[in-house]
Amino acid sequence: MDFDFTDDQQQLRDAVRKWVEKGYGFERRRSIEAAGGFAREAYTELAELGLCGLYIPEDDGGLGMGPVEGMVVMEELGRGIVLEPLAQSLISGGVLAAYASPELKASWLPQIASGEALVVLAYQERKARYRLDVCDAQAQQGPQGWALTGTKHMVPAGDQADAFLVPARVSGADTDTSGIALFVVGQGARGVDVRGIATQDGARAAEHPLALTLTLGPTWANAQLECPTHRMAVGKAPDGTTQLTLGQEARLDRDVVLLVTPKEPHPSFLLQAQDEF
């Protein structure tokens, strides 16, 4: 069995190492840390090397590589203690490439690969203590819609991201992994409140409270995102739909997508949100 790196993998390593040595020196890192812990310019440079699309298929604008190449890249970025969260692009690109609908892939994957969109994983919760089966965030489905409520902590570059991958419980007990679904929530979706913070290593993270309601038509053809501006509890509206209101408002500029449900392991429903309030 041959454990040597291929020529392509070695060339990839050399390219990333050269960028770290010449483009991400100590002074630049210090300036990025002083400015808040994330630089879109540096992240764009990583994208120009093709790194943001490492796990994204070539047909969708990526390099179509795998975990060995990911290991090579992350090892070299570690040499420079690079602050920009490339690992998040690898996670989001891999998940969307595996589970998203063709429409969603066309919408997000080229943007992730080019560095235009930063999509990060928002999964940590206070009491979970890194246990993936512990999830307090709830996704409640009424006759026509989903309501997501919960708070995610330490979301990498959360106040700079364009969208989040958000696990939320749809059924089962607190530690039942089969009852957790994965949602994509846009940064600008109504009900999303992101609060940026600095981390101990000089990078950037965010607290990510979220609460929003999707109201869907009977055939899932027409979707509305509803979030009035006064704080109330989750409940049923007169027409039977689930309603949730907040004391804050944000502009909707991305789709909200249900990627995986326990009952149907591979669906990918694209829920087009409509601003008709």
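Structure's up top.
K.L.:
Describe the overall build of the protein chain, with residues and values.
P.N.:
Within the protein chain, the regular secondary structure consists of six helices and 12 strands. Split into buried and exposed, the 277 residues of the protein chain put 51% on the buried side. A separation threshold of at least 6 residues defines the contact pool for the protein chain, and within that pool the share at least 24 residues apart is 63%. Carbon and sulfur atoms provide 51% of the accessible area of the protein chain, an area that totals close to 13500 Å².

K.L.:
Describe in detail the environment of Pro-85, supporting the description with residues and values.
P.N.:
Here Pro-85 is to be found in the loop between α4 (67-79) and α5 (86-99). Separated by 118 residues in sequence, Pro-85 and Ala-203 place their C-alpha atoms 8.6 Å apart. In this structure, Pro-85 is in contact with Phe-38, Leu-118, Pro-156 and Ala-157, ignoring residues within four places of it in sequence.

K.L.:
Tell me about the packing of aromatic side chains, and please be specific about residues and values.
P.N.:
According to the stated counting rule, one finds two aromatic pairs in the structure shown. Ring geometry for Trp-19 versus Tyr-24: centroids 5.3 Å apart, planes at 35 degrees, classification tilted. Accessibility assignment for this pair places Trp-19 and Tyr-24 in one class, buried. With centroids separated by 6.1 Å and ring planes inclined at 40 degrees, the aromatic side chains of Phe-38 and Tyr-43 adopt a geometry described as tilted. Residue placement shows Arg-13 over the ring face of Phe-5; its charged tip is 4.9 Å from the ring centre.

K.L.:
So what about the packing of helix α1 (residues 7-23) against α4? Which residues, and what values?
P.N.:
Running from N to C, α1 and α4 cross one another at 20 degrees; their axes reach a closest spacing of 9 Å. Regarding the angle of α1 to α4, the classification is roughly parallel. As α1 runs across α4, the sense of the crossing is right-handed. When α1 is examined against α4, the residues Gln-9, Leu-12, Arg-13, Val-16, Arg-17, Trp-19 and Val-20 are found in contact with a partner set consisting of Val-68, Glu-69, Val-72, Val-73, Glu-75, Glu-76, Leu-77 and Arg-79. Partitioned by chemical class, the residues of the contact of α1 with α4 number eight nonpolar, one polar and six charged.

K.L.:
If you had to explain the side chain of Gln-9 to someone new, which residues and values would you point to?
P.N.:
Considering the arrangement of structural elements, one finds Gln-9 in helix α1. A relative accessible area of 10% means that Gln-9 is categorised as buried. If near-sequence neighbours (up to four positions away) are discounted, Gln-9 is found in contact with Val-68, Glu-69 and Val-72.

K.L.:
If you had to explain the side chain of Lys-152 to someone new, which residues and values would you point to?
P.N.:
With respect to the element layout, Lys-152 can be found in strand β3 (residues 145-156). For Lys-152, a relative accessible area of 1% gives the class buried. A distance of 2.9 Å separates a polar side-chain atom of Lys-152 from the backbone oxygen of Pro-167.

K.L.:
Outline the nonpolar core, listing residues and values.
P.N.:
The biggest cluster of nonpolar side chains holds 41 residues, and the ones touching the most others in it are Val-73, Leu-77 and Phe-164. Among the secondary structure elements, those contributing two or more residues to this core are α1, α3 (40-48), α4, α5, β3, β4 (163-169) and β5 (180-186). The next biggest cluster of nonpolar side chains, apart from the first, holds 17 residues, and it includes Leu-96, Ala-97, Trp-108 and Val-119.

K.L.:
Describe α1, listing the residues and the values that go with them.
P.N.:
Under the 1.5 Å per step criterion, the end-to-end length of α1 is 23 Å for 17 residues, consistent within 8% with the ideal 24 Å. Along α1, the residues classified as buried are Gln-9, Leu-12, Arg-13, Val-16, Trp-19 and Val-20. The buried residues of α1 occupy an angular sector of 130 degrees when the element is viewed end-on, so they sit on one face. What points out from α1, more than 90 degrees from its buried face, is the exposed set Asp-7, Gln-11, Glu-21 and Lys-22. On the buried face of α1, the contacting elements are α2 (26-34), α3 and α4.

K.L.:
Describe the environment of Asp-201, with residues and values.
P.N.:
Inspection of the secondary structure puts Asp-201 in the loop between β6 (195-198) and β7 (204-216). Judged by relative accessible area, Asp-201 falls into the partly exposed class, the value being 47%. Placed 164 residues apart in sequence, Asp-201 and Gly-37 show a C-alpha to C-alpha distance of 8.8 Å. Contacts of Asp-201, omitting those with residues within four sequence positions, involve Arg-29 and Leu-83. Within polar-contact distance, the side chain of Asp-201 engages the side chain of Thr-199 at 2.5 Å.

K.L.:
Before we move on, can you summarise the packing of α5 against helix α6 (residues 102-114) with the specific residues and values?
P.N.:
Between two packed helices, the angle of one axis relative to the other and the distance separating the axes together describe the packing. At a closest axis distance of 10 Å, the pairing of α5 and α6 adopts a crossing angle of 155 degrees. Relative to α6, the element α5 lies roughly antiparallel. Of the two possible hands of crossing, α5 and α6 adopt the one that is left-handed. Facing Ser-89, Ser-92, Gly-93, Leu-96 and Ala-97 of α5, the residues of α6 in contact are Leu-104, Lys-105, Trp-108, Leu-109 and Ile-112.

The rules we used
- Residues numbered from 1 in each chain as written.
- Predicted model: local features only at pLDDT ≥ 70, side-chain atom pairs only at ≥ 80, totals over all residues.
- Heavy atoms only, no water.
- Helix = DSSP H or I, 4+ residues; strand = E, 2+ residues; numbered from the N terminus.
- Buried < 20%, exposed > 50% of the residue type's maximum accessible area, 1.4 Å probe, protein only.
- Contact = heavy atoms within 4.5 Å.
- Areas by Shrake-Rupley, 256 points an atom, 1.4 Å probe, with all protein chains shown as cover.
- Phe/Tyr/Trp six-rings, centres within 6.5 Å; stacked < 30°, edge-to-face > 60°.
- Lys NZ or Arg CZ within 6 Å of the ring centre and 35° of its normal.
- Axes fitted to C-alpha atoms, helices over the stretch in contact; angles between N-to-C directions.
- Parallel < 35°, antiparallel > 145°, perpendicular 65-115°, else oblique.
- Left-handed = near helix turned anticlockwise from the far one by under 90°.
- Nonpolar A, V, L, I, M, F, W, Y, C, P; charged D, E, K, R; others polar.
- Polar contact = N/O pair within 3.5 Å; in protein donor to acceptor, adjacent residues only side chain to side chain.
- Core = buried A, V, L, I, M, F, W, Y, C linked by side-chain atoms within 4.5 Å.
- Expected span 1.5 Å × (residues − 1).
- Arc of directions from axis to C-beta.

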